[in-house]
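# Survey of secondary and tertiary structure
Here is how the chains run, residue by residue.
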Amino acid sequence: MKRVIHWFRRDLRLSDNTALSAASARAEEVVPVYIFDEAAFRSAGCSNAALAFMSSAVAALKESLRARGYELIIRRGAPETELVELCKALSAEAVFCNKCYEPEEKRVEGRVFAALNGAGFGFESFKDSVVWEEQEILTQAGKPFTVFTPYAKAWKARGMPSPRPGFTRRCARARSVEVRSHELPAEFLSPKNSELISVFGVGEQGGLALLRKFMRDRVYEYAAVRDYPAVEGTSRLSPHLRWGTVGIRTVLAELMRARAEADAPGQRKSCDVFLTELIWREFYNQILANFPHVAQRSFRPEYEAIKWSENREHFQAWCWGMTGYPVVDAAMRCLNATGWLHNRLRMIVAMFLTKDLLINWQWGERYFMQKLVDGDLAANNGGWQWCAGTGTDAAPYFRIFNPVAQGKRFDPRGEFVRRWVPELASAPPELVHEPWKDPSLLKRTGYPCRVVLHTEQRIRALELYKSARSRKAAY
Ligand SMILES: Cc1cc2nc3c(=O)[nH]c(=O)nc-3n(C[C@H](O)[C@H](O)[C@H](O)COP(=O)(O)OP(=O)(O)OC[C@H]3O[C@@H](n4cnc5c(N)ncnc54)[C@H](O)[C@@H]3O)c2cc1C
């Protein structure tokens, strides 16, 4: 082919990029395009933090391309309209892109295919953001896996892919293009958001630096410390994997290199624990792709019958970090201020919303999407349904976290609580997770009383779930 458009979607990088490699190999010229479809981002519930991350990644991509002699064309609007117009204006023969798996993203891809096809242009989409997609790993009965452990076993048995070559000067020639290009809206890059982005590193270079630092300094300790929010023990790669500023095969290659260089079995085990987390990401991706109803409803129909509480005051207390449970409040204040939350804390606050406040997991799912820099429908929905006990590989409904016990176990010195709940910054260690034991402390500091009592709510939650199960709805 003479000229092909590469349409950047959730793959904001030049290296290890499947569609870009294919375009570079098969076309004489590749024209890089990004389409900012604000309506789609808004209807997906993307947070400002996520849009800021994306905007900074697109700006970095633009710079990287410019350094190689290419101009990234940025358009704003509906992809099906913009891409047809660009194909005509540039006399491009086809559009290449990497696949996305959310229901709405698939619909967009369908519309783009139809529009390009109707106008006489080609369209090809490639698997890129995951190692194994939708129907590639199935049970012996030929069905998608709905339980994680056998899925992970089957996943590991398939072998590791190597990074793709990406965009190389050798296989594509630069050209200057004479079409209209837009700027991304500047409002997302407020100083607050820029500060947030700096924690994760900007774009592909930032993501690769974060990845290498994690593999050099932390991966061998990951298994031991990953559950402690006060410790900088996880990779923080989630926004990079969400927006594709780092390729999954690159992450796996770095991980396998670290594993090969490990001196002790414990270090290798730690690498394996990290691999398991990456497989959770793929597990939820294939769940969403194969069971798209999870985006609207419980995976298990019986839990659609739960009569959730609609107590708005409780919900507000949860959102603002004012529930009176220190670890829950510290977590929510951290999420509100930074757009990111440690996995252990995501589990604690999700369990608290659903099992203590008895509020529908979908309210929490939506709130997370409005705040998280790494908000991702598949992982977020999977995490929420797991905690609520309504999902595929769900924690059974009777598994209910005790927020005090979780705080004491995973933040034993109360460091995380003290960092985010200034009212408790100088609380004595024995009170930091149970400040209500000294009413004068609450009075002095203004820290709120508990909105509900865990012991009572636990019994209510068990009844609620049990009675929903007995009514058994069916899809
Ligand atoms: C209620 C709830 C909501 C969540 N929402 C999201 C979300 O919107 N986006 C998101 O990327 N993750 C989500 N997760 C999963 C997990 O909390 C984050 O991926 C993780 O905290 C990101 O930090 P990290 O990159 O340092 O993770 P690390 O521990 O370093 O893990 C490495 C990578 O593995 C993947 N991963 C790790 N744990 C999980 C998991 N349980 N499910 C899926 N992928 C995982 C992520 O891509 C992560 O970047 C959610 C979990 C829960 C319980």
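Placed above this text is the structure.
Predicted, not measured: the structure shown is a model, and the values here were computed from it.

## A few points about the overall build of the chain
Scanning the chain from terminus to terminus reveals 21 helices and five strands. The C-alpha atoms of the chain give 24 Å as radius of gyration, which agrees with the globular expectation for 475 residues (23 Å, within 12%). C-alpha extents for the chain along the principal axes are approximately 75 × 50 × 45 Å. The burial tally for the chain puts 58% of its 475 residues in the buried class. Long-range contacts, defined here as pairs at least 24 residues apart, represent 79% of the contacts in the chain between residues at least 6 apart. Only carbon and sulfur atoms are counted for the fraction: they give 53% of the accessible area of the chain, which is about 20100 Å². Of note, the chain has its 68 positive side-chain charges centred 3 Å away from the centre of its 54 negative side-chain charges.

## What to know about the packing of aromatic side chains
Applying the stated criterion across every chain yields a total of 28 aromatic pairs. Look at Trp 318 and Tyr 367: their rings are 5.7 Å apart centre to centre, the planes differ by 65 degrees, and that puts the pair in the edge-to-face class. Linking Trp 318 in helix 13 (residues 312–320) with Tyr 367 in helix 16 (residues 361–371), this pair joins segments that are 49 residues apart in sequence. The burial state of Trp 318 is the same as that of Tyr 367; both residues are buried. The cationic tip of Arg 346 hangs over the ring face of Trp 340; the distance from NZ or CZ to the ring centre is 5.9 Å. Directly above the aromatic system of Tyr 465 lies the positively charged group of Lys 355, at a separation of 5.5 Å from the ring centroid.

## Digging into unusual backbone geometry
Look at Ser 91: it is not a glycine, yet its phi comes out positive at around 50 degrees. With respect to the element layout, Ser 91 can be found in the loop between helix 4 (79–90) and strand 4 (94–98). The phi dihedral of Leu 358 falls on the positive side, at around 60 degrees, and the residue is not glycine. Within the secondary structure, Leu 358 sits in the loop between helix 15 (343–356) and helix 16.

## A closer look at the site of the ligand
In the vicinity of the ligand there are 28 residues, among which Tyr 222, Thr 234, Ser 235, Arg 236 and Asn 343 approach most closely. One nitrogen or oxygen atom from the main chain of Arg 236 is found 2.6 Å from an oxygen atom belonging to the ligand. Asn 343 places a side-chain nitrogen or oxygen 2.7 Å from an oxygen atom of the ligand. The protein chains hide 95% of the 810 Å² of surface that the ligand would expose on its own. Those elements that provide at least two residues to the shell around the ligand are helix 10 (238–243), helix 12 (265–290), helix 15 and helix 17 (377–388).

## Structural notes on the side chain of Arg 9
Relative to the assigned elements, Arg 9 resides in the loop between strand 1 (3–8) and helix 1 (18–26). Using a relative accessible area of 9% as the deciding quantity, one classes Arg 9 as buried. Polar contacts involving the side chain of Arg 9 include one to the side chain of Glu 109, which spans 2.8 Å. When near neighbours in sequence (up to four residues on either side) are disregarded, Arg 9 contacts Tyr 34, Cys 97, Asn 98, Lys 99, Cys 100, Glu 105 and Glu 109.

## What about the sheet that holds strand 2 (residues 29–36)?
Pairing within the open sheet is parallel, and its five strands lie in the order 3-2-1-4-5. Edge positions in the sheet fall to strand 3 (73–76) and strand 5 (122–126), since each has one partner strand and no second. Averaged over neighbouring strand pairs, the angle between their axes works out to 25 degrees when direction is ignored. As judged from the four bridges shared by strand 1 and strand 4, these two strands associate in the parallel manner. By the bridge assignment for strand 4, His 6 is matched with Phe 96. Its contacts with the sheet put helix 5 (residues 103–118) on strand 1, strand 4 and strand 5, and the angle it makes with strand 5 is roughly 155 degrees.

Rules of the game
- Residues numbered from 1 in each chain as written.
- Predicted model: local features only at pLDDT ≥ 70, side-chain atom pairs only at ≥ 80, totals over all residues.
- Heavy atoms only, no water.
- Helix = DSSP H or I, 4+ residues; strand = E, 2+ residues; numbered from the N terminus.
- Rg over C-alpha atoms; globule rule 2.2 N^0.38 Å.
- Buried < 20%, exposed > 50% of the residue type's maximum accessible area, 1.4 Å probe, protein only.
- Contact = heavy atoms within 4.5 Å.
- Areas by Shrake-Rupley, 256 points an atom, 1.4 Å probe, with all protein chains shown as cover.
- Lys, Arg positive; Asp, Glu negative; His and termini not counted.
- Charge placed at Lys NZ, Arg CZ, Asp CG, Glu CD.
- Phe/Tyr/Trp six-rings, centres within 6.5 Å; stacked < 30°, edge-to-face > 60°.
- Lys NZ or Arg CZ within 6 Å of the ring centre and 35° of its normal.
- Near = heavy atom within 4 Å.
- Polar contact = N/O pair within 3.5 Å; in protein donor to acceptor, adjacent residues only side chain to side chain.
- Pairing = 2+ DSSP bridges.
- Axes fitted to C-alpha atoms, helices over the stretch in contact; angles between N-to-C directions.

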